[in-house]
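Summary of the model geometry
These are the residues of each chain, in order.
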Amino acid sequence: MSYFSQQDCDVRLEWGPNAIAQLGPEADCIIIIDVMSFSTCVSIACDRQAVIYPFQWKDHRALEYAASIGVESANIDRRFTGQGFSLSPVSISSLPTGHRLVLPSPNGSALTFQAKALSAKVFSANLRNLHATAKACENFQRILLVPAGEKWPDGSLRPAIEDLIAAGGIISHWQHKRLSPEAQIALASYQQSAQRQHQPLRECSSAVELIERGFAEDVQLCCEQDISSLACYLQGDCFVGI
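Overview of the structure. (Residues numbered from 1 in each chain as written. Predicted model: local features only at pLDDT ≥ 70, side-chain atom pairs only at ≥ 80, totals over all residues. Heavy atoms only, no water.)

What follows is about the pattern of salt bridges. Throughout the structure, instances matching the rule amount to eight salt bridges. A salt bridge links E26 to R12; the shortest N-O distance between them is 3.7 Å. Highlighted residues: E26 in the loop between helix 1 (16–23) and strand 2 (29–33) and R12 in strand 1 (residues 11–13), separated in sequence by 14 residues. The partly exposed category is assigned to E26, whose relative accessible area is 31%. (Salt bridge = Lys/Arg side-chain N within 4 Å of Asp/Glu carboxyl O. Helix = DSSP H or I, 4+ residues; strand = E, 2+ residues; numbered from the N terminus. Buried < 20%, exposed > 50% of the residue type's maximum accessible area, 1.4 Å probe, protein only.)

Pasting the structure below:
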């Protein structure tokens, strides 16, 4: 299916697992973007010099995997502060320096597992480290950005605008690269959001869901921009800050 490859462009963008399956084999660098909340958790952990092991299943297998490598597993359900670590960025904010944590996620983690089987370098990105990610990846020739999106109850992909906007924020730092039409639309989305002081990020469906579930502080953390100087790089089986 070469007509979906965006192969004439330096910067390519496509959604979810099929992006990695169809475009990943031709990429030198894959950037996975799951703003609410996997990628934000990874970034906060890296800033704390902690290490995140992604894991694609949020069930007993996460606990078994963590035990097999001798590290702690986050709770498989989002929890409030004081109830252990989970996909809540607020909970990750209290990770001790150097801590190692398995973080299950059906979106960002699952895509990471899929991407690490390829030859491309893999990064996790979010709004906190747009510039750091762009700088770390700028010298790769073929860059694939993968907005993770969310899942509908039936398991199908729900495109998430926060991931598209963050992808555009990374792209905005590359002035001389050839952008695919898909990447151009992401850039335009970021620019339009910026004109509104990024209010759409705080009003999108993913944010509304978290706020209504009592995780407004998580939304605030996920919407912070360019406060981290570290890109999040998959080194072996875990993400580290570089």
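Take the state of the cysteines next. Scanning the model with the defined rule gives zero disulfides in all. The cysteine C223 is free of any disulfide, with C222 supplying the nearest cysteine sulfur at 6.7 Å. The exposure class assigned to C223 is buried, which follows from its relative accessible area of 11%. Of the cysteine sulfurs around C238, a residue in no disulfide, the closest is that of C46, at 8.9 Å. You can call C238 buried: its relative accessible area is 11%. (Disulfide = S-S within 2.5 Å.)

Our focus in this paragraph is the packing of helix 6 (residues 130–137) against helix 7 (residues 161–171). Pairs of packed helices are described in terms of their axes, by the angle between the two and the distance that separates them. Look at helix 6 against helix 7: their axes get within 8 Å of each other, and the N-to-C directions meet at 55°. In terms of their interaxial angle, helix 6 and helix 7 are classed as oblique. Judged by the sense of rotation from one axis to the other, the crossing of helix 6 with helix 7 is right-handed. Facing L130, T133 and A134 of helix 6, the residues of helix 7 in contact are A166, G169 and I170. (Axes fitted to C-alpha atoms, helices over the stretch in contact; angles between N-to-C directions. Parallel < 35°, antiparallel > 145°, perpendicular 65-115°, else oblique. Left-handed = near helix turned anticlockwise from the far one by under 90°. Contact = heavy atoms within 4.5 Å.)

Given 3.6 residues per turn, any residue in an α-helix points the same way as the ones three and four places further on. Looking at helix 1, one finds that the buried residues are G16, A19, I20 and L23. The arc enclosing the buried residues of helix 1, seen along the axis, measures out at 100°, which places them on a common side. Against strand 1, strand 2, helix 5 (108–115) and strand 7 (143–147) lie the buried residues of helix 1. (Arc of directions from axis to C-beta.)

Remember that the coordinates give geometry; whether it matters functionally is a separate question.
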